[in-house]
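# Observations on the three-dimensional arrangement
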Amino acid sequence: MQWDKQTWCPVREWQLANMNVDKNMSAVLTVTTSLTRFLERRFGMPLTVQLHEQFLDKATPSEATLLGCACSAPVLRRQVSLLHRGSVMFDAESVLPLEGLPKSLMEELQVGKRPLANLLLDQGLSLSRSDLSVVQVESGACAERWARRSVLRSASGTQALVVEVFHSEFWTRLQRLTGQK
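The paragraphs below set out a description of the structure included in this document. (Residues numbered from 1 in each chain as written. Predicted model: local features only at pLDDT ≥ 70, side-chain atom pairs only at ≥ 80, totals over all residues. Heavy atoms only, no water.)

The subject of this paragraph is the nonpolar core. Counting 26 residues, the largest nonpolar core has Val 28, Leu 39, Phe 90, Phe 170 and Trp 171 as its most contacted members. Broken down by secondary-structure element, the contributors of at least two residues to this core are α1 (11-17), α2 (23-30), α3 (35-43), β3 (74-84), β4 (87-97), β5 (127-137) and α7 (168-177). Those residues in contact with Val 28, other than ones at most four positions away along the chain, are Leu 35, Phe 38, Leu 39, Phe 43, Arg 148, Phe 166, Phe 170, Trp 171 and Leu 174. Core analysis: the second largest hydrophobic core is formed by 12 residues, Leu 96, Leu 116, Ala 117 and Ala 160 among them. (Core = buried A, V, L, I, M, F, W, Y, C linked by side-chain atoms within 4.5 Å. Buried < 20%, exposed > 50% of the residue type's maximum accessible area, 1.4 Å probe, protein only. Helix = DSSP H or I, 4+ residues; strand = E, 2+ residues; numbered from the N terminus. Contact = heavy atoms within 4.5 Å.)

Encoded structure:
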C-alpha cells in the first residue's frame, strides 16, 4: 500500500474521536513502547517474525519529512509479518535511514528473526515513539483494517518509520485471550 496517500490521524485526536472504541483496541493502537513486548506482557501473546523482504531503497518525500533526513536518502526497507501460534496478526514495514545505523543492528536486521523495537531496546538504545498516528484502511477485497504509523527514535540517533497493519484475526485473538465475547 502507499502509506503516504493515507489520511493519518494523530493519536490524540483519534482517541478523542473514538472514545467508545474497545479498550484493548485503544491500548494497542496507542501504546508508545515496544508493541510486541506490550502484547506479550499484557495479553500473553508472544509473536514471531516472518521476514518477507528487506532491501536498500531511497526515502520518499513523506518518509524523509517524518525521519528528518534528506529526500531520497538511502534507507533500509523491511517488510515483515508478526505471527501468534502460526497465524498472521499484523504486517509491518520499517524504513531506517542508513546514516548512523550501527553495524551490529544492521547484522541483526539481516537475520530477520526479531521485531525492530526489541532489537533497538536489546542493544541498549533508549527508545521513544513519536508522530503516532492511526488510520482505518480499505485493503482491496479484505475488510477495513486498522493501521498505525510512528517514528521510533533512539538516543544514539538511530530512527525508523514503522507502519503496522492489523488483521481482523488479531482483534478476534485478543478477545479470546482476554475472555471477551
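What follows is about α2. Most of α2 sits out of view: 7 of its 8 residues are buried. A side-chain oxygen of the first residue of α2 lies 3.0 Å from the backbone nitrogen of Asn 24; this N-cap is Asp 22. (Polar contact = N/O pair within 3.5 Å; in protein donor to acceptor, adjacent residues only side chain to side chain.)

The next thing to look at is the packing of α2 against α3. Running from amino to carboxyl end, α2 crosses α3 at an angle of 150 degrees, the nearest separation of the two axes being 10 Å. Judged by the inter-axis angle, α2 sits roughly antiparallel to α3. Where α2 approaches α3, its residues Asn 24, Ala 27 and Val 28 are matched on the opposing element by Leu 35, Phe 38, Leu 39, Arg 42 and Phe 43. Across the contact of α2 with α3, the residue classes break down as 6 nonpolar, 1 polar and 1 charged. (Axes fitted to C-alpha atoms, helices over the stretch in contact; angles between N-to-C directions. Parallel < 35°, antiparallel > 145°, perpendicular 65-115°, else oblique. Nonpolar A, V, L, I, M, F, W, Y, C, P; charged D, E, K, R; others polar.)

Close contact between α2 and α7 brings their axes to 10 Å; oriented N to C, the two are set at 120 degrees. Here α2 lies oblique to α7, going by the angle between them. Crossing angle aside, the handedness with which α2 passes α7 is right-handed. Contacts between α2 and α7 involve Asn 24, Met 25, Val 28 and Leu 29 from the first element and Phe 170, Trp 171 and Leu 174 from the second. In terms of residue class, the contact of α2 with α7 is built from 6 nonpolar, 1 polar and no charged. (Left-handed = near helix turned anticlockwise from the far one by under 90°.)

This next bit is on the side chain of Ser 26. Locating Ser 26 in the fold gives a position in helix α2. Its relative accessible area of 18% is what places Ser 26 among the buried residues. Beyond its immediate stretch of four places on either side in the chain, Ser 26 contacts Trp 14, Gln 15 and Val 21.

What follows is about the pairing of strand β6 (residues 145-154). Counting buried residues along β6, 9 of its 10 residues qualify, which places the element largely inside the surrounding structure. What sits between the antiparallel neighbours β6 and strand β7 (residues 159-166) is a turn of 4 residues, in which Gly 157 has the positive phi angle 105 degrees. (Pairing = 2+ DSSP bridges.)

Take the pattern of salt bridges next. Evaluation of the coordinates by the stated rule reveals 8 salt bridges. A salt bridge links Asp 131 to Arg 153; its shortest N-O distance comes to 3.2 Å. Here Asp 131 is found in strand β5, whereas its partner Arg 153 is found in strand β6, with 22 residues between them in sequence. The class of Asp 131 is partly exposed, set by a relative accessible area of 39%. The closest approach of N and O atoms between Arg 148 and Glu 164, which form a salt bridge, is 2.5 Å. Remark: Glu 164 occurs in strand β7 and Arg 148 occurs in strand β6; sequence separation between them is 16 residues. (Salt bridge = Lys/Arg side-chain N within 4 Å of Asp/Glu carboxyl O.)

Right, let's get into the packing of aromatic side chains. Inspection of every chain in the model, using the stated rule, returns 7 aromatic pairs. Where Trp 14 meets Trp 146, the ring centres are 5.6 Å apart and the plane angle is 80 degrees; that geometry is what we call edge-to-face. Note that Trp 14 is positioned in helix α1 and Trp 146 in strand β6, a separation of 132 residues in sequence. A relative accessible area of 4% means that Trp 14 is categorised as buried. Judged by centre distance (5.0 Å) and plane angle (45 degrees), the rings of Phe 90 and Phe 166 are tilted. A residue pair is termed long-range when its members are at least 10 positions apart, and Phe 90 in strand β4 and Phe 166 in strand β7 qualify at 76 residues. Overall, the relative accessible area of 1% leaves Phe 90 in the buried class. Grouping aromatic residues by their ring pairs yields a cluster made of Phe 90, Phe 166, Phe 170 and Trp 171. (Phe/Tyr/Trp six-rings, centres within 6.5 Å; stacked < 30°, edge-to-face > 60°.)

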